[in-house]
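# Residue-level structural notes
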Amino acid sequence: MIALVPARGGSKRVPGKNVRLLAGKPLICWTLAAAFDSGVFSGVYVSTDSKHIAETAASWTGAKVYMRPPHMARDDSPDIDWVKQILGALEYDHHKNGHCLPCSLGKDHWQSTEFAILRPTSPFRGPETIQRARAQWDDIKGVYGPSCRCELTINGQSISRAASLMICDKCG
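Residues numbered from 1 in each chain as written. Predicted model: local features only at pLDDT ≥ 70, side-chain atom pairs only at ≥ 80, totals over all residues. Heavy atoms only, no water.

### Remarks on the packing of helix α1 (residues 27–38) against helix α2 (residues 51–61)
Filter applied, for reference: To get an axis, a line is fitted to the C-alpha atoms, and for a helix only the part in contact is used. The angle between two axes follows their N-to-C directions and goes from 0 to 180 degrees. By the criteria applied, helices consist of DSSP H or I runs no shorter than four residues and strands consist of E runs no shorter than two, each listed in order from the N terminus. With respect to orientation, any angle under 35 degrees is reported as roughly parallel, any angle over 145 as roughly antiparallel, any angle of 65 to 115 as roughly perpendicular, and every other angle as oblique. In a left-handed crossing the near helix is turned counterclockwise from the far helix by less than a right angle, and in a right-handed crossing that turn is clockwise. Contact between two residues is taken to exist if any of their heavy atoms lie within 4.5 Å; hydrogens are not considered.
In the contact formed by α1 and α2, the axes pass within 10 Å of each other and the chain directions differ by 40°. The orientation of α1 relative to α2 falls into the category oblique. As α1 runs across α2, the sense of the crossing is right-handed. In this structure, α1 uses I28, C29, L32 and F36 to contact α2, whose residues at the interface are I53, T56, A57, W60 and T61.

Below you can see the structure in the form of structure tokens.
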């Protein structure tokens, strides 16, 4: 499973919120630290349109950053667009190195297509919450089996993957 962290640079209500300090650490870094500390993910990836956010995420945590184009970073841009973009970029990066994404991540096909979306605006979501969500996801997977395909709907658009997991901001 991989973690996808969306972080736009253009917040209107709280400008620069993803890099604003909370208890001495940029807001996005709380989410990235929880993702790494959970031990759940084979990779943690940030999707952003901001060089400042990209530099902050990479320098504080070593997360891999993928830049997204401006049309995917508007207030009304659906999540499905940046999710497809980052998953496509990951597959391209791994294929150009002579490996398929599952092989590069050291996982089988089922595991490598799992992802969780972790929003930086939930800084109090700790590693334990992520671990609990993963355990619940594994329980669901156990019921339906690894051959099922799940359809994830985000803002009225769907993405079909072998599996996907969203950790709710309200619950997480």
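From this point, the discussion proceeds with the structure in view.
### Some remarks on the pairing of strand β1 (residues 2–7)
Quick note on the threshold: Only protein chains enter the accessibility calculation, which uses a 1.4 Å probe; a residue whose area is less than 20% of its type maximum is buried, one above 50% is exposed, and one in between is partly exposed. Strand pairing requires that DSSP identify at least two bridges connecting the strands.
A large share of β1 lies buried, amounting to six of its six residues. Alternating positions in β1 separate into two faces, I2, L4 and P6 on one and A3, V5 and A7 on the other, with burial throughout. Two elements, β1 and strand β4 (residues 43–48), share six bridges in a ladder whose sense is parallel. Residue pairing in the sheet places I2 in a bridge with G43 of β4. Bridging between β1 and strand β6 (residues 115–117) involves three bridges; their strand directions are parallel. Across the sheet, residue L4 finds its bridge partner in β6, namely I117.

### Points about the layout of surface pockets
To keep things clear, this is the line we draw: Using a grid of 1 Å spacing that covers the protein atoms alone, one calls a set of points a cavity when a 1.4 Å probe fits there but cannot get out, and a pocket when the set is open and has protein on both sides within 12 Å along at least five of seven lines; lining residues are those with an atom within 4 Å of a point. Grid points are joined across faces, edges and corners, and a volume is the space filled by probe spheres set on the points. When residue character is reported, Ala, Val, Leu, Ile, Met, Phe, Trp, Tyr, Cys and Pro are called nonpolar, Asp, Glu, Lys and Arg charged, and the others, Gly included, polar.
The space that makes up the largest pocket amounts to roughly 470 Å³. The set of elements that each furnish at least two residues to the lining of the largest pocket consists of β1 and α3 (79–96). In terms of residue class, the lining of the largest pocket is made up of six nonpolar, four polar and nine charged.

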